[in-house]
Amino acid sequence: MSHYITPSFEYCPNCGAKTQLKSIEEQQVKTCAAQCGFAHFNNPTPVAAVIVEIPQGVVLAHNVAWPQGMFSIITGFVDPLELPIDTAIRETQEELGLKAYDVKYVGQYMFKAKNQLIIAYSVKAQGKIELNHELDEYKVVPVEKLKGWPGATGEAVSDWIHSIKGSRKTSQS
Ligand SMILES: [Zn+2]
């Protein structure tokens, strides 16, 4: 039995009637109480997350809406008909002003609080960092000092660090 997570659609967007929760094939679905046919299955929203690596390290950014001191890898909603890998490249350009290359898939994670399916990539990037309006601060953490954190994006970072260990032992002595 899955749960209906996101509170939404108190009223039917088709006909304006009240909605109700209904169990359809083991899933909690919001449906129209007037039975006009509307049903909201509350599927996760796909979001691409990008570990952006420049020569000095990995870029972590602060979103204008976040508490001070909180930094993360960049993320962005997948556009209609867009592949998440293309979202990753686009968001690197839009949010940081950097051109991404050498794009690699890292993994998939669930951001449960927001019912978002996080599809994570790592990219190498070049250019001069220019933050867009969503971000107001960034820092560059050397790869050997980078650590993951609890939650979907932090797990992606941990997995990425784990995956590159071994292939990058040359600088440590
Ligand atoms: Zn309706």
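Coordinates for the structure precede this section.
Attention in this report is confined to the structure presented alongside it.

What counts and what doesn't
- Residues numbered from 1 in each chain as written.
- Predicted model: local features only at pLDDT ≥ 70, side-chain atom pairs only at ≥ 80, totals over all residues.
- Helix = DSSP H or I, 4+ residues; strand = E, 2+ residues; numbered from the N terminus.
- Buried ≥ 20, exposed ≤ 12 C-beta atoms within 10 Å, placed from the backbone.
- Contact = placed C-beta atoms within 7 Å.
- Pairing = 2+ DSSP bridges.
- Expected span 1.5 Å × (residues − 1).
- Core = buried A, V, L, I, M, F, W, Y, C linked by C-beta atoms within 7 Å.

1. Some remarks on the overall build of the protein
- Each helix and strand in the protein was counted, giving two helices and nine strands.
- Summarising its shape, the C-alpha atoms of the protein cover approximately 70 × 35 × 30 Å along the three principal directions.
- Here the protein holds 173 residues, and the buried ones make up 25% of them.
- Of all intrachain contacts in the protein linking residues separated by at least 6 positions in sequence, the fraction that spans at least 24 positions is 60%.

2. Describing the sheet that holds strand β3 (residues 39-40)
- Taken together, three strands build an open sheet; the order of strands is β1-β2-β3 and the sheet is antiparallel. The two strands at the open ends of the sheet, each matched to only one other strand, are β1 (19-24) and β3.
- Pairing between strand β2 (residues 27-32) and β3: two bridges, direction antiparallel. From the neighbouring strand, Thr31 faces β3, where its bridge partner is Ala39.

3. Some details on helix α1 (residues 84-96)
- Here α1 contains 13 residues, and its C-alpha end-to-end distance of 17 Å stays within 8% of the 18 Å for a straight helix at 1.5 Å per residue.
- Every buried residue of α1 is listed here: Pro84, Thr87, Ala88, Ile89, Glu91, Thr92, Glu95 and Leu96.
- In the core, the buried residues of α1 are packed alongside β4 (45-54), β5 (57-63), β6 (74-77), β7 (99-111), β8 (116-126) and β9 (135-141).

4. Observations regarding the nonpolar core
- Formed by 30 residues in total, the largest nonpolar core has its most connected members in Val50, Ile51, Val52, Ala120 and Ala156.
- Elements that contribute at least two residues to this core include exactly β4, β5, α1, β7, β8 and α2 (152-164).
- Each residue touching Ala156, except ones within four places of it in the same chain, is listed here: Ala49, Ile51, Val106, Gly107, Tyr109, Ile118 and Ala120.

5. Considerations on the pairing of β5
- Bridge count between β4 and β5: three bridges; the pairing is antiparallel. Each residue of the ladder has a partner; that of Val52, found in β5, is Val59.
- Hairpin geometry of β4 and β5 is characterised by an intervening segment of two residues between the two adjacent antiparallel strands.
- In this structure, β5 lies alongside β9, joined through six bridges in antiparallel fashion. Considered in β9, the bridge of Ala61 is made with Tyr138.

6. Brief notes about the environment of Lys145
- Examined against the element boundaries, Lys145 turns out to sit in the loop between β9 and α2.
- The sequence separation of Lys145 and Gly16 amounts to 129 residues, and the corresponding C-alpha distance is 53 Å.

7. Looking at unusual backbone geometry
- Phi is positive for Gln35, which is not a glycine, with a value near 55°.
- In this structure Gln35 comes out as exposed when scored by C-beta crowding, with 11 C-beta atoms within 10 Å.
- With a phi close to 60°, Asn42 is a non-glycine residue in the positive phi region.
- Within the element layout of this structure, Asn42 appears in the loop between β3 and β4.
- Given 18 C-beta atoms within 10 Å, Asn42 falls into the partly exposed group.

8. What about the environment of Lys104?
- Within the element layout of this structure, Lys104 appears in strand β7.
- Separated by 54 residues in sequence, Lys104 and Val50 have C-alpha atoms that sit 9.6 Å apart.

9. Brief notes about the environment of Met70
- As for its position among the elements, Met70 is in the loop between β5 and β6.
- Overall, Met70 belongs to the exposed group, with 12 C-beta atoms counted inside 10 Å.

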